[in-house]
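# Understanding the architecture of this molecule
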Amino acid sequence: MAPRVGILGRGRFGGVIAGLCVRAGLEVDSTGSGDADALARVATADIVILALPLGRLETVPPHALAGALVVDATNHWWELDGARPDLEDPRTSTSESVQRWLAESRVVKAFGHASAWELENLGRLAGDPARRALAIAGDHPDDVARVGALVDALGFDPVPIGPLAAGAMVEPGTETFGADVGAEELREIIARFPRSQRGRVIARARGVDPSRLPALW
């Protein structure tokens with residue numbers, strides 16, 4: 001059965017994902033964070049996509065999404081979020097911060113390393129050699145598979161990259177962020193992340209050799 005998708009965020013990014021869902025024949029509902037009744041309705045969807053500015057996360061009552069499968073499509077932007085040491089700390093990832101806030105939800109990282117324009121314009125049918133890949137990070141294999149099926153339905157090849165902590169590999173400042181590549185090349189980028197500048201920064205902050213980063217995920 002096709003999933004019902006809820007989108008929390010009515011900006012450009014959330015609107016594009018909603019449009020992709022409609023194009024794929026999926027039932028979709030969206031709202032901002034300020035409408036309690038609409039939020040309660042969106043929270044009952046099979047998959048809820050968090051498409052709000054990350055700095056507004058705390059306007060979402062955690063209990064409202066208790067038990068929900070939540071896709072974190074957010075990123076930390078200093079210009080929007082201001083100075084946030086908790087979101088800039090290389091010892092963790094922003095998706096783990098989202099999971100800490102939404103402690104009763106199951107959070108999966110996806111969509112956030114592509115722009116709204118890329119999502120709107122680069123989707124392709126399965127098997128198209130020009131099909132772009134999107135990374136997925138999550139702690140529960142069943143949830144990763146469900147989000148992967150959604151990514152596929154919206155026109156992109158899903159590439160699981162590890163648990164939620166591995167979402168650090170697709171944040172702004174990484175080679176993956178904004179990379180218009182297929183599944184094989186995306187896996188290659190992920191494999192060399194420990195040797196990247198961002199990978200070395202994270203390894204130093206965590207006091208480990210960069211080659212040990214994959215084991216930490």
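All of the points below concern the structure found in this document. Bear in mind the structure is a predicted one, so any value in this text is a computation, not a measurement.

### Here we look at the pattern of salt bridges
Per the counting criterion, the structure on display carries 10 salt bridges. With its nearest N and O atoms 2.7 Å apart, the salt bridge here joins D143 to R106. With D143 in helix α7 (residues 141-153) and R106 in strand β5 (residues 106-110), this pair connects stretches of sequence that are 37 residues apart. Under the relative-accessibility criterion, D143 is labelled buried at 5%. Residues participating in the shared-partner salt-bridge network are R131, D152 and D157.

### Section: the side chain of H113
Relative to the helices and strands, H113 resides in the loop between β5 and α6 (116-121). Among the residues examined, H113 registers a relative accessible area of 2% and is labelled buried. A distance of 2.9 Å separates a polar side-chain atom of H113 from the backbone nitrogen of A135. Among the polar contacts listed, one links the side chain of H113 to the backbone oxygen of T176, at a separation of 3.5 Å.

### A look at the nonpolar core
Proteins that are soluble and globular tend to have nonpolar side chains buried together. Within the largest apolar cluster, 30 residues are counted, with the highest numbers of intra-cluster contacts made by I17, I49, F111 and L119. Mapped onto this core, the elements with two or more residues apiece are β1 (5-8), α1 (12-23), β3 (47-50), β4 (69-72), β5, α6, β6 (133-138) and α7. Here this core takes 6 residues from α1, the largest share from any one element. Membership of the second largest hydrophobic core comes to 22 residues, among which are A137, A166, L213 and W217.

### What to know about the environment of H140
One can find H140 in the loop between β6 and α7. Judged by its relative accessible area of 42%, H140 falls in the partly exposed class. Measuring from C-alpha to C-alpha, the distance between H140 and N75 comes to 21 Å, with 65 residues separating the pair along the chain.

### Observations regarding the sheet that holds strand β2 (residues 28-31)
Across the sheet, 7 strands lie side by side as β2-β1-β3-β4-β5-β6-β7; this open sheet has mixed pairing. Only two strands of the sheet have a single neighbouring strand rather than two, namely β2 and β7 (157-162). The mean inter-strand angle of the sheet, taken between neighbouring strand axes irrespective of direction, is 25°. When β3 meets β4, the two strands line up parallel, connected through 3 bridges. When the bridges of β4 are listed, V48 appears paired with V70. Packing against the sheet, helix α5 (residues 94-101) makes contact with β3, β4 and β5, and its axis sits at approximately 155° to β5. Docked against the sheet, helix α8 (residues 183-191) engages β6 and β7, running at close to 20° with respect to β7.

### What to know about the packing of aromatic side chains
One pass over the full model with this rule turns up 2 aromatic pairs. Seen in terms of ring centroids, W77 and F177 are 5.8 Å apart; in terms of plane orientation they differ by 65°. Their pairing is edge-to-face. Of the two residues, W77 sits in the loop between β4 and α3 (78-81) while F177 sits in the loop between β7 and α8, which places them 100 residues apart along the sequence. With a relative accessible area of 27%, F177 lands in the partly exposed category. Between the aromatic rings of F193 and W217, the centroid separation amounts to 6.5 Å while the plane-to-plane angle is 45°, which identifies the pairing as tilted.

Cut-offs used in this document
- Residues numbered from 1 in each chain as written.
- Predicted model: local features only at pLDDT ≥ 70, side-chain atom pairs only at ≥ 80, totals over all residues.
- Heavy atoms only, no water.
- Salt bridge = Lys/Arg side-chain N within 4 Å of Asp/Glu carboxyl O.
- Helix = DSSP H or I, 4+ residues; strand = E, 2+ residues; numbered from the N terminus.
- Buried < 20%, exposed > 50% of the residue type's maximum accessible area, 1.4 Å probe, protein only.
- Polar contact = N/O pair within 3.5 Å; in protein donor to acceptor, adjacent residues only side chain to side chain.
- Core = buried A, V, L, I, M, F, W, Y, C linked by side-chain atoms within 4.5 Å.
- Pairing = 2+ DSSP bridges.
- Axes fitted to C-alpha atoms, helices over the stretch in contact; angles between N-to-C directions.
- Contact = heavy atoms within 4.5 Å.
- Phe/Tyr/Trp six-rings, centres within 6.5 Å; stacked < 30°, edge-to-face > 60°.

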